[in-house]
There are 2 protein chains.
Amino acid sequence: MFSLSEENYLKAIYHLEKQADSGVSTNAIAEQMDTKASSVTDMVKKLSDKDLAIYRKYQGVQLSEAGKQTALQIIRKHRLWEVFLVDKLNFSWDEVHEVAEQLEHIKSEKLITELDKFLDFPKRDPHGDPIPDAKGNFQVANKTLLSNLEIGDFGKVVGVKDSSSEFLKYLDKNNIALGREIHILDKEKFDESMLVEINEKQLRISPIVSSNIYIKS
Amino acid sequence: MFSLSEENYLKAIYHLEKQADSGVSTNAIAEQMDTKASSVTDMVKKLSDKDLAIYRKYQGVQLSEAGKQTALQIIRKHRLWEVFLVDKLNFSWDEVHEVAEQLEHIKSEKLITELDKFLDFPKRDPHGDPIPDAKGNFQVANKTLLSNLEIGDFGKVVGVKDSSSEFLKYLDKNNIALGREIHILDKEKFDESMLVEINEKQLRISPIVSSNIYIKS
DNA sequence: ATTTTTATTTAGCTTTGCCTAAAAATAATT
DNA sequence: AATTATTTTTAGGCAAAGCTAAATAAAAAT
Ligand SMILES: [Mn+2]
Ligand SMILES: [Mn+2]
Ligand SMILES: [Mn+2]
Ligand SMILES: [Mn+2]
């Protein structure tokens, strides 16, 4: 169907489109994909020719409906594989992304249908992100960043914004995991750092940490 | 490490080397890989440069020790994935090969170690082929082709030589599966066809069938 | 309203893996 | 042994996906 490279571009554009309101810029894609702007221009033209994206010179790109659906199916596969790795193969949540990046490109309808069933139709991946169904539908959780909470608030950790291995290892070290109750004891006006209670222990966290943890409050 | 294409060539050469006694010919590889002889020459030079193969112009190729080990690890992955698909995801033995061709190229040491463990260290794949261990070792079964048996002989089906979907479906239709007892009732001298009893039913099979079924007798 | 800076595109080149057609080597026949 | 047929290699090209450097458009600053 589509090349590995095309699939990766679609995924990147999909993710960038959620933040940007207008078209996604060439440079934004280049940065996300760790490639050069000129390469992006080439590919974006190709996606446009294949009606996977809408592109006007100097105006950025947006995914077409077909492009969005394709991206969602790749994301579906990525996240299902992540669940598989954690639930069945003893991977930790900081180890799965790299491997899922490869597995998401395997082409087999039956494989993904059966994997979904085998995993008992999970709704979220190990990082708390929603798993689209075969039609591309998924639940958007009403979550907020930990950094938005105020002194005295309670909440439950439901996801991470940054899912880099480094950040996840930091969370592990401090016993912060999905599902944990968190209580805001203090918030420093000066540097926005927070004192929180989690797992019956007190912990001071910097804003770079609190702005990468999703909370359901 | 190695490209998808390089890995496929190594695998093809490995399989061809088992039959051919001298070096594997360019044309044989081209046919196996469904490509052109000139493309094979190119790739074989590259493998030779990387010390994965020994190649002398017009004399065919052989795998080096490194090349053989690499091939065996790909075969290991291929067969483990086939077991996974059949044992865990309800695939039938005629559906797995295509998907395993893709999955065998996923790069992750941990993935394959854990998959092996998850499957309880299987020794054979769904077609009866041995699964090499992490060091490339595997048991060679003492098996023979059904076509070599004589009238009155008994045996057990332990593998298939042709594992094309068409052949496997034919076997399914006639209730021939791994582990089944088989009894040779008659063998026609003229066309080498056989009358066998399997599953308490009599069945006449052509030499093209009997020479693609492995028996342990 | 210019000028300067930044972003984007174009042009031209590289590598990988493949192809066709022609040339060269090897194998098979006569 | 010479000729013919087959196999293999070489030469020259193509498409995908990347890159650098130069040109152009858009945005920001003066
Ligand atoms: Mn991921
Ligand atoms: Mn994830
Ligand atoms: Mn197979
Ligand atoms: Mn097999």
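Look up: the structure comes first, before these words.
A few points on the structure. (Residues numbered from 1 in each chain as written. Chains lettered and ligands numbered in written order. Predicted model: local features only at pLDDT ≥ 70, side-chain atom pairs only at ≥ 80, totals over all residues. Heavy atoms only, no water.)

Here's the deal with the protein's contact with DNA strand D
Here is step 1: Around DNA strand D, 20 residues are found, and the nearest of them are T35(A), K46(A), K45(B), Y55(B) and K57(B).
Here is step 2: Sugar and phosphate atoms constitute 81% of the interface atoms of DNA strand D, taking the interface as everything within 4 Å of the protein.
Here is step 3: At 2.8 Å, a side-chain N or O of T41(B) approaches a phosphate oxygen of DNA strand D.
Here is step 4: Counting residues per element, the ones that place at least two in the surface near DNA strand D are α1 (4–19) and α3 (37–49) of chain A together with α2 (26–33) and α3 (37–49) of chain B.
Here is step 5: Class assignment for the residues of the surface near DNA strand D results in five nonpolar, 10 polar and five charged. (Near = heavy atom within 4 Å. Polar contact = N/O pair within 3.5 Å; in protein donor to acceptor, adjacent residues only side chain to side chain. Helix = DSSP H or I, 4+ residues; strand = E, 2+ residues; numbered from the N terminus. Nonpolar A, V, L, I, M, F, W, Y, C, P; charged D, E, K, R; others polar.)

Some remarks on the pairing of strand β5 (residues 181–187) of chain A
All names here are of chain A.
Here is step 1: Here strand β4 (residues 154–160) runs beside β5; their pairing, made up of three bridges, is antiparallel. The residue bridging G155 from the neighbouring strand is I182, located in β5.
Here is step 2: As judged from the five bridges shared by β5 and strand β6 (residues 194–198), these two strands associate in the antiparallel manner. Each residue of the ladder has a partner; that of I182, found in β6, is I198.
Here is step 3: Hairpin connection between β5 and β6: a loop of six residues separates the two successive antiparallel strands, and E192 in this loop has a positive phi of roughly 65°. (Pairing = 2+ DSSP bridges.)

Considerations on the relation of the copies chain A and chain B
Here is step 1: Laying chain A over chain B is done by rotating through 180° and shifting 0.0 Å along the axis; what remains is an RMSD of 0.1 Å. Expressed as a symmetry operation, the mapping of one chain copy onto the other fits a two-fold axis. Relative to the rotation axis, the C-alpha of L103(A) is the closest in chain A, positioned 3.8 Å from it.
Here is step 2: Taken together, the interface assignments show that 95% of the residues at the interface of chain A recur at the interface of chain B, consistent with an identical surface on both copies. (Least-squares fit on C-alpha atoms with pLDDT ≥ 70 in both. Contact = heavy atoms within 4.5 Å.)

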